[in-house]
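Geometric and topological summary
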Amino acid sequence: MADLPWHDVGDFEDADRGFIAELSPAVIRSLDGGVVWDNDAYDFLQGDCPATAHPSLWRQGQLCARQGLYEVTDGVYQVRGLDLSNMTLVEGERGVVVIDPLVSTECAAAALKLYRAHRGDRPVTGVVYTHSHADHFGGVRGVTGGGVPILAPKGFMEHAVTDNLYAGPALTRRTLYMYGAALPRSPEGQIGAGLGMTLSTGTMSLIPPTAEIERTGQEETVDGVEMVFQLTPGAEAPAEMNLLLPAHRALCLAENATHNQHSMLPLCGTVVRDARAWARYLTEAIALFADRADVAFASHHWPTWGRDRIERFLSQQRDMYAYLHDQTLRLLNKGLTGAEIAEVLRLPPALQQAWHTHGYSGSLAHNVMAVYQRYLGWFDGNPAHLWEHPPRESAVRYVECLGGGAAVVELARRYLRENDLRFAAQLLNHAVFADEGNKEARDLLAEVYTRLGHGTESATWRNFYLTGALELSDGIVPADVEVTPADFLAALSVEQIFDSIAIRVDGPRAWNERLSIDWHLTDLGERHRTTLTNGVLVQQPEPRGTADLTLRLTKAQLVGLLSGQGVEGVEREGDTRVLRRLVAVLDRPLTDFAVVTA
Ligand SMILES: [Zn+2]
């Protein structure tokens, strides 16, 4: 690892600068006593890097595992290391404004308590959500019950609730892989997630913003704290914003510039992000704010102090995303496919020498494929890939051609001896998909995934490999999380509620159903019709004529009805069997489906 800039220890100085106090022990529990956060489990990271970790990722783990209350500048504080994200506290005239209240209410409350123990019992007089990802608002009820100004970027509410609405169960399953939630915290296991150590597992909440920021340059004052905003939609999140605290000469970069190469498409899955827009926003941030800030901080990692260092940091982050974008397009326009570009693209040496360009949560390889996907999609243009057999059927045929499962394992051993872990994994994956009972193949594949995990610089790759190895050995690990917390359900619009029902209709079972229901939402004064035909649940506002069944109910009753509660108190008119027929064709999503087996 001689090519890594080990001489540069500035990050350690920045990560420790302004330290006031740590939480001791760094264990946060829910009301029922369950542990939702345990940072002490990472104490082993203070030792030297073992052979079971990439030294660069180990270093990132050491930095992210630091926890406690820190002064960023006079009147601006951060609690770091008590959840995946940071909570920032800006002192106002009467109290304190909270920027990004962590993932869960338990962690947010513990963070606020730690702050108050050292800065006095200041009331929370306002909240800012920098963006629509749950690690930046989920803990809000841990710091306030509402009744204070809450600012968020334009489009926040829509994305906060829809990000998890459509593909939520699949994302939940893949998030377990991405954060390595089921892995032991150990030198052989989970050593972080790149952006922080992991996600806390407490109660998630959401209080809708009282105002959305509409434009770049907009200025707002909350409790005497002046803020100047820059909207950055479509970069790291569909609704996101940077903000300057001019009186403090402090710049909040949300999640647009962090101490790593972020993901253009996180491995848990999402709509692909826009590297081009991302780079432009960073250019704009430099132009708008660099002369007005002595410190830049973000909602993950540690701050950067000094005008020149801030500009260098932002410029390098910008150049990294711009290079990734432009070079991927240059090469795809010469006919290279995503996997081929990922194999050859390297950042310029000068950028590689900056630690914060390394892909601890993202990776250059999967970011290249994300850029390819954004412009050209899943198809690489080769007709051989148009109509391949699905994985299990392909595997059965490959294994047959290669002489059976035992022969495939032997071939894999040969590639392993040559240290070609990647092809050994491909071969063994076929052997396991063709026959889950091939224990030799399973064990060897688990070993290969473990070695791949221990060798990678990206925390999210490591967690995927090691969780794959774990599930090959121990079977599927069920996710122990709520897919849709109550606050999220309550925040859905009626249209979004019906969307979430429509994607649960079991098409073939509903092919021959025809029914219509009118829903009169008495508390909202809204009328909607849902019609089931051809296996599709179509919704229409303000319908004419009458449906098979009319229900008069509140939005809360609608949510209750759809989450399995009865129709008590709901006024019905028409054929009541229609509702049962609709419920009968609804499917249930799974959060424990197979990933590394067929
Ligand atoms: Zn985040």
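Residues numbered from 1 in each chain as written. Predicted model: local features only at pLDDT ≥ 70, side-chain atom pairs only at ≥ 80, totals over all residues. Heavy atoms only, no water.

Turning our attention to the nonpolar core. In summary, soluble globular proteins display a tendency toward joint burial of nonpolar side chains. Formed by 78 residues in total, the largest nonpolar core has its most connected members in Leu89, Tyr129, Ile517, Trp519 and Leu551. The greatest single-element share of this core, amounting to 7 residues, is contributed by helix α3 (residues 105–119). In contact with Leu89, other than residues within four places in its own chain, are Gly75, Val76, Tyr77, Val79, Val96, Val97, Val98, Leu112 and Tyr115. The next biggest cluster of nonpolar side chains, apart from the first, holds 40 residues, and it includes Ala293, Leu314, Met320 and Ile341. (Core = buried A, V, L, I, M, F, W, Y, C linked by side-chain atoms within 4.5 Å. Buried < 20%, exposed > 50% of the residue type's maximum accessible area, 1.4 Å probe, protein only. Helix = DSSP H or I, 4+ residues; strand = E, 2+ residues; numbered from the N terminus. Contact = heavy atoms within 4.5 Å.)

Moving on: a nonpolar patch on the surface. Side chains of Trp378, Leu386 and Trp387 sit close together on the surface and give an oily, nonpolar patch of about 530 Å² of accessible area. For Trp387, the position within the fold is in the loop between α10 (364–376) and α11 (391–401). (Patch = residues over 30% accessible without salt bridge, like charges linked within 9 Å, V, L, I, M, F, W, Y side chains within 5 Å. Areas by Shrake-Rupley, 256 points an atom, 1.4 Å probe, with all protein chains shown as cover. Salt bridge = Lys/Arg side-chain N within 4 Å of Asp/Glu carboxyl O.)

Let's shift gears to the packing of helix α12 (residues 405–417) against helix α13 (residues 421–434). As a packed pair, α12 and α13 sit with axes 8 Å apart at the nearest point and diverge in direction by 170°. Relative to α13, the element α12 lies roughly antiparallel. Contacts between α12 and α13 involve Val408, Val409, Leu411, Ala412, Tyr415 and Leu416 from the first element and Leu421, Phe423, Ala424, Leu427, Leu428 and Ala431 from the second. Residue classes in the contact of α12 with α13 are distributed as 12 nonpolar, no polar and no charged. (Axes fitted to C-alpha atoms, helices over the stretch in contact; angles between N-to-C directions. Parallel < 35°, antiparallel > 145°, perpendicular 65-115°, else oblique. Nonpolar A, V, L, I, M, F, W, Y, C, P; charged D, E, K, R; others polar.)

Ordered in space as β19-β18-β17-β20-β21, the 5 strands form an open sheet in which the pairing is mixed. Edge positions in the open sheet fall to β19 (536–541) and β21 (571–574), since each of these has one partner strand only. For this sheet, the mean angle separating the axes of adjacent strands, direction not counted, is 20°. Where strand β17 (residues 515–521) meets strand β20 (residues 549–553), 5 bridges bridge the pair, whose relative direction is parallel. The residue of β20 that forms the bridge with His520 is Arg552. (Pairing = 2+ DSSP bridges.)

Another point: the packing of α11 against α13. Running from amino to carboxyl end, α11 crosses α13 at an angle of 105°, the nearest separation of the two axes being 8 Å. Between α11 and α13, the crossing angle belongs to the class labelled roughly perpendicular. On the side of α11, the interface is formed by Pro391, Arg392, Ala395, Val396, Tyr398 and Val399, while α13 contributes His430, Ala431, Phe433 and Ala434. Looking at the contact of α11 with α13 residue by residue, the class counts come to 8 nonpolar, 1 polar and 1 charged.

The next subject is the coordination of the zinc ion. Taken together, the protein donors to the zinc ion comprise Asp135 (OD), His136 (NE2), Glu255 (OE) and His300 (NE2), at separations of 2.0 to 2.1 Å. Because the angles between the 4 donor atoms bound to the zinc ion fall within 83 to 173°, the donor set is best described as irregular. The motif formed by the donor residues of the zinc ion, counted along the single chain, is D-H-x118-E-x44-H. A residue pair is termed long-range when its members are at least 10 positions apart, and Asp135 in the loop between β8 (124–128) and β9 (150–153) and Glu255 in the loop between β14 (250–252) and α6 (275–289) qualify at 120 residues. Across the pair, exposure class does not vary: Asp135 and Glu255 are buried alike. (Donors = N, O, S within 2.8 Å, 3.2 Å for Na, K, Ca; no water. Tetrahedral: all angles 85-135°; square planar, octahedral: opposite > 155°, others 65-115°.)

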